Amino acid sequence: PLLDLFATMAQAGGAPDIEDANKVCCGGKMPLSKKVEKGKDYYWCTCGRSKTQPFCDGSHTGTSFEPLKYTAEKNGSVSFCACKGTRTPPQCDGTHMRFWGLCCGSKSNVKTGDLYE
């Protein structure tokens, strides 16, 4: 199990610095529309560090974040939040548009990939 943890961390680019471990990373400024299949489970990235946004790739290893399980209720497209500012996770609630400065830690100058609290 410990070797698996190290392998996951290496794939994800290593563990984050301790001071950054509990900060969210802006995964994107716009929602990501993804096709989903009814009854299938998807794991939404909550930390923003995933390279496979909006889904988790294990990059949260070493942080307090865990992916959020989402089970599709029907076939179709879902707009997943990328900025991580949604109040209806994992789906986008328009926070990035209605209140541009409220997504990504209430700082409109946050760029994709930046960390924020």
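Keep in mind it's a predicted model, so treat the numbers as computed, not measured. (Residues numbered from 1 in each chain as written. Predicted model: local features only at pLDDT ≥ 70, side-chain atom pairs only at ≥ 80, totals over all residues. Heavy atoms only, no water.)

### Examining the overall build of the protein chain
Point 1. On a plain count of helices and strands, the protein chain comes out with 3 helices and 6 strands.
Point 2. For the protein chain, with 117 residues in total, the buried portion stands at 39%.
Point 3. Put simply, 61% of the contacts in the protein chain that link residues at least 6 apart link residues at least 24 apart.
Point 4. Carbon and sulfur atoms provide 54% of the accessible area of the protein chain, an area that totals close to 7000 Å². (Helix = DSSP H or I, 4+ residues; strand = E, 2+ residues; numbered from the N terminus. Buried < 20%, exposed > 50% of the residue type's maximum accessible area, 1.4 Å probe, protein only. Contact = heavy atoms within 4.5 Å. Areas by Shrake-Rupley, 256 points an atom, 1.4 Å probe, with all protein chains shown as cover.)

### What to know about the environment of glutamate 66
Point 1. Inspection of the secondary structure puts glutamate 66 in the loop between strand E3 (41–44) and strand E4 (68–71).
Point 2. For glutamate 66, a relative accessible area of 54% puts it in the exposed group.
Point 3. Spatially, the C-alpha atom of glutamate 66 lies 6.6 Å from that of threonine 46, the residues being 20 residues apart in sequence.
Point 4. Excluding residues within four positions of it along the chain, glutamate 66 makes contact with Thr46 and His60.

### Some remarks on the state of the cysteines
Point 1. Scanning the model with the defined rule gives 0 disulfides in all.
Point 2. Cysteine 92 takes part in no disulfide bond, and the closest cysteine sulfur, belonging to cysteine 81, lies 5.9 Å away.
Point 3. For cysteine 92, a relative accessible area of 23% gives the class partly exposed. (Disulfide = S-S within 2.5 Å.)

### Some thoughts on the confidence of the model for the protein chain
Should pLDDT be low for a region, the predicted coordinates there are not to be read in detail.
Point 1. Per-residue confidence for the protein chain gives a mean pLDDT of 78; residues scoring 70 or more make up 66%.
Point 2. Confidence drops under a pLDDT of 50 for residues 1–18, and excluding neighbours within four residues, the segment shows 14 contacts in the predicted structure. (pLDDT = per-residue confidence, 0-100.)

### Structural notes on the pattern of salt bridges
Point 1. Applying the stated criterion across every chain, the model contains 2 salt bridges.
Point 2. The partner of aspartate 41 in a salt bridge is lysine 69, and the shortest N-O contact between them spans 3.5 Å. In this pair, aspartate 41 is assigned in strand E3 and lysine 69 in strand E4, connecting sequence segments 28 residues apart.
Point 3. Residue arginine 87 is joined to aspartate 93 by a salt bridge in which the shortest nitrogen-to-oxygen separation is 3.3 Å.
Point 4. Residue classification places arginine 87 among the exposed residues on the basis of a relative accessible area of 55%. (Salt bridge = Lys/Arg side-chain N within 4 Å of Asp/Glu carboxyl O.)

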